[in-house]
Amino acid sequence: MMMKRYDVTVIGSGMGGSACALVLKRLGYKVLLIERGTHPRFALGESGTPALSRKMRFISRTYDIPELEEMATYDAIKASEDGFLCGPKEMFQYFVHQKGQTQPGQFGAFPEVIVQTPEVDAQYNRAASDKHLMEVAVKYGVEYSDETSVEDIEFHDDRVDIACKKHDKSYVVVSDFVVDATGFNSVIGKKKNLKLQGEAVGTPLKSRCIFSHFKDIGSFDEVINNCPSKQPDLSPVPRSRATQHHCFDGGWLWFIPFDNGVTSIGVNLDVDLYPMNDKEGEAEFWEIIDQYPMISNMLKGRETLMPFIKTNRLQFINKELAGDRWAMLPASAYALDAWFSTGLAATFMSVHRLVDILHNRMLPKKQFDKKLLLDYELSIRKEYFHVAKMVDGMYKSFKHFDIFKNYCFFCFMGTESYLEKGGAGKAVDLNHLLLSAGDEDFVQKFEAIYAKIVEYSKYETVSDEDVEALAKFIREDMKPFNFRKYGSPEMHSVHPRRPLNMVEYDEPRERRHGT
């Protein structure tokens, strides 16, 4: 039987895999997209971010795929004729709770931080968005095979043989290059025994998760506005249009709302403070939530639409992220933590990098050596360890709100600096990485503060002098990265919308190919 041959085979049709296949097809290559299951299928809902929306928009305009720009923000999705289930993300909202707290200002200062996004980003219902992007890829001519398992992969000097099985039929696909977008159970990671877990991961971040979907939860705006000792509500928009982060010493919850009344909710826990145990996920979830009445009052008695899922430690990374004739997208390469909502942004950044390398260096010359992917791999690794350390600092800051309310701005400064410097328009560029992981000055300053955060986490209290020193560092030492008066008392920890300069969009289209 004649075996089909492809330029690139992408395994896994989540948003990253479908986007990668779509862009390569748009560039004229013969592309196969393989999916083990069928759409729609459950995938954990994810928040969009300014870095994601701008990267999607840049890819859309560079490769003439208007459907990607129509997916980049909530308003664009709602305006599109082919819209899908999502929700609005107009803010990052953080509230740090103490055990037994029933009123927002019960223990002193109002423990909330709000940062409004430059535009209304999207909360992605992944079952809907994954299906939609797969259909866009097929519309552009990507060959798609669902209900297809990859039984084996064999790498040769001149090709890759992919042994597939669809229903009862077994066959072999031949490809010049393979993109692994299969996620946690990476097919190439398993084939080559690459996954590192536990202490071998090499990051101080250690977290786990329990999550479900809730229907028609209570309103945190009502909790705040019905407070007897009401304080002025400075939020620029309702918190239901935000990704809500409800934090406490040792963990935090995400609230990701969708337009159909469903909210994705998960509690992430520091494994050092909340070790793994044999408790059922639902029982442990409520055992923790019941200690925080302001949260439990919003959730108690509400319908859950799926069983609670309880994970082991989330973090892993593979020993190799690319090789001769193959590369992993980030969800296959590693796992971090939901804080900062970096998953989709990192994915689309890596799609841009990988497509650029394939199109400009590999496919035309039929050269598929790993040496051409070294910067691709290094980009992902630098982002992984930088973001992991930054998130670890967040967990360690929950204990002291006055520390948290200043430290939490590092992610925004990292993102906004990356975007202001044209990062969304860069493909493989080690100076322009997620959360400014490629900016040596930013990283050096962050590392100095991270060391302080680790130290403060060991104290029962922190001094006013330490708090002011951190705020002053944010205001003055971080000034080249601080575009919104982060750390300034007059902002009252609320930072309204500020448009970002996006000069790369103004470049002529012919200059954007191969950036």
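Provided above is the structure to which this section pertains.
All residue numbers refer to position in the chain's written sequence, counted from 1. Totals for whole chains, interfaces and linings use all residues, but because this is a predicted model, local features are given only for residues with pLDDT of at least 70 and pairs of side-chain atoms are given and counted only at 80 or more. Only hydrogens and water are set aside; all other atoms, that is, all heavy atoms of the structure, feed into the side-chain values.

Q: For the environment of isoleucine 114, give the residues involved together with the corresponding values.
A: Numbering of helices and strands runs from the N terminus, with a helix taken as a DSSP run of H or I at least four residues long and a strand as a DSSP run of E at least two residues long. Structurally, isoleucine 114 can be placed in strand β5 (residues 112–124). Separated by 382 residues in sequence, isoleucine 114 and proline 496 place their C-alpha atoms 8.0 Å apart. Note on contacts: a residue pair qualifies if any of its non-hydrogen atoms lie within 4.5 Å across the two residues. Discounting chain neighbours no more than four positions away, the residues touching isoleucine 114 are Met91, Phe92, Gln93, Ser235, Pro236, Arg239, Ser493, Val494 and His495.

Q: Describe the nonpolar core, with residues and values.
A: Grouped together as the largest cluster of nonpolar side chains are 136 residues, with contacts concentrated most on Phe177, Trp339, Phe348, Leu354, Phe404 and Phe410. By residue number, the principal contributor to this core is helix α11 (residues 343–362), which donates eleven residues. Ignoring anything within four residues of it in the chain, the contact list for phenylalanine 410 reads Met390, Phe442, Phe446, Ile449, Phe473, Ile474 and Met478. In plain words, nonpolar cores are sets of buried Ala, Val, Leu, Ile, Met, Phe, Trp, Tyr and Cys residues tied together by side-chain atoms within 4.5 Å. Burial status follows relative accessibility: with a 1.4 Å probe on protein chains alone, a residue under 20% of its type maximum counts as buried, one over 50% as exposed, and anything between as partly exposed. Grouped together as the second largest cluster of nonpolar side chains are 23 residues, Phe214, Ile265, Leu269 and Ile289 included.

Q: Now, about the packing of aromatic side chains: what can you tell me, with residues and values included?
A: Between the rings of Phe, Tyr and Trp (Trp by its six-membered ring), a pair exists once the centres lie within 6.5 Å; its type follows the angle of the planes, with under 30 degrees stacked, over 60 edge-to-face, and the other angles tilted. Going through the model one piece at a time under the given rule, you end up with 34 aromatic pairs. Ring centres of tyrosine 94 and tryptophan 339 lie 5.2 Å apart, and the angle between their planes is 20°; this geometry places the pair in the stacked category. Of the two residues, tyrosine 94 sits in strand β4 (residues 86–96) while tryptophan 339 sits in the loop between β20 (334–335) and α11, which places them 245 residues apart along the sequence. Owing to a relative accessible area of 1%, tyrosine 94 belongs among the buried residues under this scheme. The exposure class assigned to tryptophan 339 is buried, which follows from its relative accessible area of 1%. Stacked on the ring of tyrosine 6, the Lys or Arg lysine 30 has its end atom at 5.2 Å from the ring centre. For a ring to carry a charge above it, either NZ of a lysine or CZ of an arginine must fall within 6 Å of the ring centroid while also lying within 35 degrees of the normal to the ring plane.

Q: How would you explain the packing of helix α2 (residues 50–62) against helix α14 (residues 409–420) if you had to name every residue and give the values?
A: In this description, a line fitted to the C-alpha atoms serves as the axis of each element, helices being fitted only across the stretch in contact, and the angle between N-to-C directions of two axes falls anywhere from 0 to 180 degrees. Direction vectors running N to C along α2 and α14 enclose 20°, while the axes themselves pass 10 Å from each other. For the element pair α2 / α14, the angle class is roughly parallel. The chirality of how α2 crosses α14 is left-handed. Only Thr415, Tyr418 and Leu419 of α14 make contact with α2, whose side of the interface consists of Pro50, Ala51, Arg54 and Lys55. Working definition: roughly parallel below 35 degrees, roughly antiparallel above 145 degrees, roughly perpendicular at 65 to 115 degrees, and oblique for all remaining angles. By convention the crossing between two helices is left-handed if the near helix lies anticlockwise of the far one by an angle smaller than a right angle, and right-handed if it lies clockwise.

Q: Any chance you could break down unusual backbone geometry for me, citing the residues and the numbers?
A: Comment: phi is negative for the bulk of residues other than glycine, and the bulk of peptide bonds are trans. Backbone torsion omega between histidine 39 and proline 40 reads -5°, so that peptide bond is classified as cis. Although it is not a glycine, asparagine 193 sits at a positive phi angle of roughly 55°. As for its position among the elements, asparagine 193 is in the loop between α6 (187–192) and β10 (195–196). On the accessibility criterion, asparagine 193 (58% relative accessible area) is exposed. Even without being a glycine, serine 341 presents a positive backbone phi close to 50°. Position of serine 341 relative to the elements: it lies in the loop between β20 and α11.

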